[in-house]
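Fold and geometry: a report
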Amino acid sequence: MTYKDVYRASLEDPERFWMQAAEAIDWDRKPSKALFDRGEHIYEWYADGLVNGCYNAVDRHVTAGRGGQAAIIYDSPVTGTKSTLSYADLQTKVASLAGAMVAQGVGKGDRVIIYMPMIPEALEAMLACARIGAVHSVVFGGFAANELAVRIDDCQPKAILAASCGLEPGRVVHYKPLLDGAIELADHKPDFCLILQREQEMAELTPGRDLDWHDAQNGVPPADCVPVEGNHPAYILYTSGTTGAPKGVVRPTGGHLVALNWTMKNIYDVDPGDVFWAASDVGWVVGHSYICYGPLIHGNTTVVFEGKPVGTPDAGTFWRVISEHNVRSFFTAPTAIRAVKREDPKGLEREKYDLSCLRSLYLAGERADPDTIQWAQDILNVPVYDHWWQTETGWTIAGNPAGLEALPVKIGSPTVAMPGYDVQILDEAGHPQKPGELGAIAIKLPLPPGTLPTLWNAADRYKKSYLNAFPGYYETGDAGMIDEDGYLYIMARTDDVINVAGHRLSTGAMEEVLASHPDVAECAVVGVSDQLKGQSPLGLVCLTKGVNRPHGEITSECVKLIRDKIGPVAAFKNALVVDRLPKTRSGKILRATVVKIADNQEFKLPATIDDPAILDEIRDALQTIGYAKG
Ligand code: COA
Ligand code: AMP
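Residues numbered from 1 in each chain as written. Chains lettered and ligands numbered in written order. Predicted model: local features only at pLDDT ≥ 70, side-chain atom pairs only at ≥ 80, totals over all residues. Heavy atoms only, no water.

Applicable threshold: UniProt positions are given in the numbering used here, feature names are shortened, and annotations may be inferred rather than shown by experiment.
Within an unreviewed UniProt entry, the label attached to the protein chain reads Propionate--CoA ligase, and the organism entered is Roseobacter denitrificans. Under the UniProt heading Sequence similarities (unreviewed entry), the entry covering the protein chain gives this text: "Belongs to the ATP-dependent AMP-binding enzyme family."

1. A closer look at unusual backbone geometry
Just so we agree on the cut-off: The helix count covers DSSP runs of H or I at least four residues long, the strand count covers runs of E at least two residues long, and both are numbered beginning at the N terminus.
In this chain, Thr-312 is followed by Pro-313 through a cis amide linkage whose omega measures -5°. Its location among the elements puts Pro-313 in the loop between strand 18 (301-305) and helix 10 (317-325). With an omega of 0°, the peptide bond between Leu-445 and Pro-446 qualifies as cis. Its place among the elements puts Pro-446 in the loop between strand 25 (439-444) and helix 14 (459-467). In the Ramachandran plot, Asn-457 falls in the positive-phi region, its phi being about 60° despite a non-glycine side chain.

2. Focus: the UniProt feature "domain: AMP-dependent synthetase/ligase" (unreviewed entry) in the protein chain
Those places that UniProt annotates as "domain: AMP-dependent synthetase/ligase" (unreviewed entry) correspond, in this numbering, to residues 65-444. Secondary structure content for residues 65-444 is 30% helix and 25% strand, and the end C-alpha separation is 42 Å.

3. Examining the site of ligand 2
For clarity, the cut-off: Nearness of a residue to a molecule or strand requires only that one of the residue's heavy atoms be within 4 Å of it. Polar contact is the term for a pair of N or O atoms within 3.5 Å; when the atoms are in protein, one must be able to donate a hydrogen and the other to accept it, and sequence-neighboring residues count only if both atoms are side-chain atoms. The method behind every accessible area is Shrake-Rupley, applied with a 1.4 Å probe, and residues are considered shielded solely by the protein chains displayed.
Looking at ligand 2, there are 15 residues lining it, with Asp-386, Thr-391, Asp-478, Arg-493 and Arg-504 nearest. One nitrogen or oxygen atom from the main chain of Glu-366 is found 3.4 Å from a nitrogen atom belonging to ligand 2. Arg-504 is positioned such that a nitrogen or oxygen atom in its side chain is 2.6 Å from an oxygen atom of ligand 2. Protein coverage of the free-state accessible area of ligand 2, which is 490 Å², stands at 92%.

4. Regarding the site of ligand 1
For the record, the criterion: Note that Gly is not counted as nonpolar here; it falls among the polar residues with everything else outside the nonpolar set of Ala, Val, Leu, Ile, Met, Phe, Trp, Tyr, Cys and Pro and the charged set of Asp, Glu, Lys and Arg.
Ligand 1 sits among 25 residues. The nearest are Glu-168, Arg-171, Lys-533, Arg-563 and Lys-573. The separation between a nitrogen atom of ligand 1 and a polar main-chain atom of Gly-142 is 3.4 Å. Protein contact buries 83% of the 940 Å² of open area that ligand 1 shows by itself. Contributions of two or more residues to the shell around ligand 1 are made by strand 11 (171-174) and helix 11 (334-343). Per-element accounting of the shell around ligand 1 gives the leading share, three residues, to helix 11. Looking at the shell around ligand 1 residue by residue, the classes come out as twelve nonpolar, six polar and seven charged.

5. Here's the deal with the nonpolar core
Using the following cut-off: Nonpolar cores were defined as sets of buried Ala, Val, Leu, Ile, Met, Phe, Trp, Tyr and Cys residues, with membership established by side-chain atoms within 4.5 Å. Note on exposure labels: buried denotes an accessible area under 20% of the residue type's maximum, exposed denotes more than 50%, and partly exposed covers the range between, all computed with a 1.4 Å probe on protein chains only. The contact criterion used is simple: two residues touch if any of their non-hydrogen atoms lie within 4.5 Å.
Counting 112 residues, the largest nonpolar core has Leu-127, Leu-161, Tyr-268, Tyr-290 and Phe-331 as its most contacted members. It is helix 5 (residues 120-132) that provides the largest number of residues to this core, a total of nine residues. When near neighbours in sequence (up to four residues on either side) are disregarded, Tyr-268 contacts Thr-263, Phe-276, Tyr-290, Ser-329, Phe-331, Tyr-362, His-387, Trp-389 and Thr-396. Of all hydrophobic cores here, the second largest spans 49 residues; its members include Cys-155, Ala-162, Trp-456 and Leu-543.

6. What to know about helix 12 (residues 370-380)
What counts here: The arc in question is the one traced by the directions running from the helix axis out to the C-beta atoms.
What helix 12 keeps buried is the set Thr-372, Ile-373, Trp-375, Ala-376, Ile-379 and Leu-380. Buried residues of helix 12, viewed axially, fall in a sector of 165°; they line one side. Exposed positions of helix 12 whose direction lies more than 90 degrees from the buried face are Asp-371 and Asp-378. In this fold, the buried residues of helix 12 make contact with helix 10, helix 11, strand 20 (360-363) and strand 21 (384-386). A positive backbone phi angle near 60° is found at Asn-381, which sits one or two residues after helix 12.

7. Things to note about the state of the cysteines
So the rule is basically this: For this text, the term disulfide refers to a pair of cysteine sulfurs within 2.5 Å.
Tallied over the entire structure, the rule returns zero disulfides. Left unpaired, Cys-129 is separated from the closest cysteine sulfur, that of Cys-54, by 10 Å. Assessed through its relative accessible area of 0%, Cys-129 is described here as buried. Cys-523 carries a free sulfur, and the closest cysteine sulfur to it, the one in Cys-558, is 8.2 Å from it. The buried category is assigned to Cys-523, whose relative accessible area is 9%.

8. Observations concerning the UniProt feature "domain: AMP-binding enzyme C-terminal" (unreviewed entry) in the protein chain
The UniProt feature table records "domain: AMP-binding enzyme C-terminal" (unreviewed entry) at residues 510-588. Its end C-alpha atoms 17 Å apart, residues 510-588 is made of 27% helix and 32% strand.

9. What about the sheet that holds strand 4 (residues 50-51)?
As a reminder of what qualifies: Strand pairing is assigned whenever DSSP identifies at least 2 bridges connecting the two strands.
The three strands are arranged 1-4-14 in an open sheet whose pairing can be described as antiparallel. Every interior strand has two partners, whereas the edge strands, strand 1 (27-29) and strand 14 (228-229), have only one. Bridge analysis of strand 1 against strand 4 gives two bridges, and the strand direction is antiparallel. Opposite Trp-27, over in strand 4, you have Val-51 as the bridge partner.

10. Thoughts on the pattern of salt bridges
Put simply, the rule is: Basic side-chain nitrogens of Lys or Arg form a salt bridge, by our definition, when they fall within 4 Å of a carboxyl oxygen of Asp or Glu.
This structure, assessed with the given rule, holds 37 salt bridges. Lys-410 serves as the salt-bridge partner of Asp-483, at 2.6 Å between the closest nitrogen and oxygen. Pair noted here: Asp-483 is in the loop between strand 26 (473-482) and strand 27 (488-493) and Lys-410 is in the loop between helix 13 (402-405) and strand 23 (416-417), with a separation of 73 residues, a long-range link. According to the relative accessible area criterion, Asp-483 is buried, its value standing at 14%.

What follows is the structure in structure tokens.
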């Protein structure tokens, strides 16, 4: 079958296509059908099936006689540790950890927050939740206590599983004070916390609330897999939206298992037993889908890498890991490749390793610029596949189905729509655009299995954010076009979300924090171009009347405030005091125009601008901090 046959079959008879794909999953009760139409454009997949995510990711491989195969390879240049966990070991560990949670009263449907670095125990925690039907929500370690508190209040976890520390180059991330601070800030309090003590830092446990990870497992029976309905939430993953409140993307169990399993061969071109590596973090969707669930469901070996592309210890780390662990398909963000290229432009580090095991490189998470793709192709001598997707979808919307039929790569395009995604370009009124015409990228409903059916605790926000703009379509928030060959091009976000080092961040959230500074009357945060990180946030602040403290003092406080309230991951290093902000006559801040000025790009004077003279003021101000230079 060619890609075209498969894609057409998925749209013409989704029921048949997705029931067939579901056969690769072990169900406790097979679903009677694939799609459940709940009305008003709300859909669910496999809702009346019964299934367990952990069973499919772990136990079934042991039952099939592959217990001795490596499930997880842990490679941590920051601690100098390497270890391998077989599927049988993983089953024992996960059942035991799940048993400890059950003994403390956690059961099906209870939420559990996981706040951990890139260590195998983070995957064990996710799988232990899946084993007992608990709904996990992993929070990225680079978020501050306040962001963790917001998530605690939103999903109201019964338990929090955390490690004592994480390790960033040159800095220990003290999880425990962040955790304590978050619980203090939150209205909701978890019943208990399980703390994994790492040898790099022992945390002091809070009596009556904290339990030691291992002690809690002593003397408790291991837990069995609890079958859950196909539409039972496997997890909630918070992602940035337009406002400060993050969106809790819900991932339904059945669809997630079926879709991820389908992608491992058809997109990533790996067979069970092959080593697959996604160099991301469990705190992001890539980590959920392709460090934890996807490879394990499909019976691959996954690599948990605790390090950075450069500096741990050098720009050859990626190539060493690929070579040493026999990685067949490798997935990372373009930023990571840019970091390696910047440090080792000639690819000399790559020459030190035998990379004959590597078949292809996959890039996603942000725009893959042609230079980066070309460079990677040249030094690795394998195809480089860009692919486009989002936290909301959990798997590729547009990609190159290399395992099914490798399509010609057009640099600048993530290639074509994957099965079940009827991707269309719409104008503002919702009319389909012709090939080559720019517009909003929308997907005709229903979305395929594995994608979000709603937002946690926010069904109305789900409709408002994704369904209302174009009735009958899911609005992706990205703009772009489709060419005559059906290749998709992603050009920009249509909202105030920016992408910094492959991390999705909300400028709205940063503006809320800046606005809380007592001397700030008004502000705007924009994403300006950054050679390494793609975009980087820049804050423009107008001061409250009468404030005449040194501007440098105020902007330093702004930088610190964002680090304290959102976290280091915001990478907010630049703030600038300006007299006024450019606005339309109706008061809307012209953020896109500010970006164009900062990046020194041509732009059309917005017809609705209130006072064009202000743009010169902004240009002058930006030049003082190194932007807007010709
Ligand atoms: N826990 C705590 N802090 C973290 C963190 C974590 N898990 N991850 C990042 N941070 C911190 C960093 O230490 C840095 O702090 P600093 O301001 O004290 O230096 C800050 O957050 C910003 O991090 P980042 O934007 O990642 O920049 P960096 O300079 O540390 O690293 C790269 C640059 C390119 C090496 C890095 O961004 C990278 O590897 N990117 C790959 C992107 C990726 O995997 N994205 C996932 C989506 S696919
Ligand atoms: P996240 O939900 O964090 O994965 O971010 C998803 C967003 O990142 C998308 O909506 C895009 O804006 C951007 N993105 C992800 N992958 C790509 C890609 N391959 N090309 C361009 N933009 C991308």
